[in-house]
Amino acid sequence: MPKLGMEPIRKAALVKATIVEIGRAGSLDVTVSQIAKRAGMSSALAHHYFGSKEEIFLAAMRHILSLYGAEVRGALHLAHGPEERLRAILAASFSAANFRREAVGAWLNFWVLAQTVPEAKRLLAVYQKRLRSNLLAGLRPLAGDRAENIADGLGALIDGLYLREVLKTGAPDGAAAVATAMAYLTAKLERAQT
């Protein structure tokens, strides 16, 4: 009989294994058996904890979104003023924790999952609304009535930089991604002030 308290530890191991397996495979074409093996347990135990592969995927998606949200909140807490807030959001979006190969691959596949799974679509919608809200909080004082347009473009650019990362070889380059997003932001803010 398992020790009391093992369930959260095992679930966390399965979630981590799911992210690694999706990132390794580059698709959602992974089995519960592969995930369970990476986590060091049986597929029967994985099914016991989550019920289905879809639920494991959703748990992994929630985990990635939770880590991302915590990093953004932490960065925003240290930021002073609207420009620092925007830089903080971009830095958190492309940090080493969020912009590693496994996480980037998982994000891409969660976008695919959202096309057919309502809960995945809902989770992505929550992420997009939160990202837009955070961007708008920094952009409104700097860009006025152009803030919404810039926020939408910057959100699309962030998503696009993740997509580009999946298609290239080599280690993710968060600093280059931040620089690209900052160049876009700087150009848009210069236009907004004219």
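Structural data are supplied above this passage.
Here's a quick rundown of the structure. Since this is a predicted model, take the numbers as computed values, not measurements.

## Thoughts on empty space enclosed by the protein
So, step 1. Here the structure, examined in full by the defined rule, presents two cavities of 30 Å³ or more.
So, step 2. When its volume is computed, the largest cavity comes out at roughly 50 Å³.
So, step 3. Looking at the largest cavity, the residues that line it are Tyr-68, Ser-93, Trp-107, Trp-111, Tyr-127, Ile-158, Asp-159 and Tyr-162.
So, step 4. Secondary-structure elements contributing two or more residues to the lining of the largest cavity are helix 6 (101-113) and helix 8 (147-167).
So, step 5. Among the elements that line the lining of the largest cavity, the one with the most residues is helix 8, at three residues.
So, step 6. Partitioning the lining of the largest cavity into residue classes produces six nonpolar, one polar and one charged.

## Some remarks on the packing of aromatic side chains
So, step 1. Enumeration over the complete set of coordinates arrives at eight aromatic pairs.
So, step 2. Ring geometry for Tyr-68 versus Trp-107: centroids 6.4 Å apart, planes at 85 degrees, classification edge-to-face. Pair noted here: Tyr-68 is in helix 4 (residues 53-78) and Trp-107 is in helix 6, with a separation of 39 residues, a long-range link.
So, step 3. Residue classification places Tyr-68 among the buried residues on the basis of a relative accessible area of 9%.

Rules and cut-offs
Residues numbered from 1 in each chain as written. Predicted model: local features only at pLDDT ≥ 70, side-chain atom pairs only at ≥ 80, totals over all residues. Heavy atoms only, no water. 1 Å grid on protein atoms, 1.4 Å probe; cavity = no way out; pocket = protein on both sides within 12 Å on 5 of 7 lines; lining within 4 Å. Points joined across faces, edges and corners; volume = space filled by probe spheres on them. Helix = DSSP H or I, 4+ residues; strand = E, 2+ residues; numbered from the N terminus. Nonpolar A, V, L, I, M, F, W, Y, C, P; charged D, E, K, R; others polar. Phe/Tyr/Trp six-rings, centres within 6.5 Å; stacked < 30°, edge-to-face > 60°. Buried < 20%, exposed > 50% of the residue type's maximum accessible area, 1.4 Å probe, protein only.

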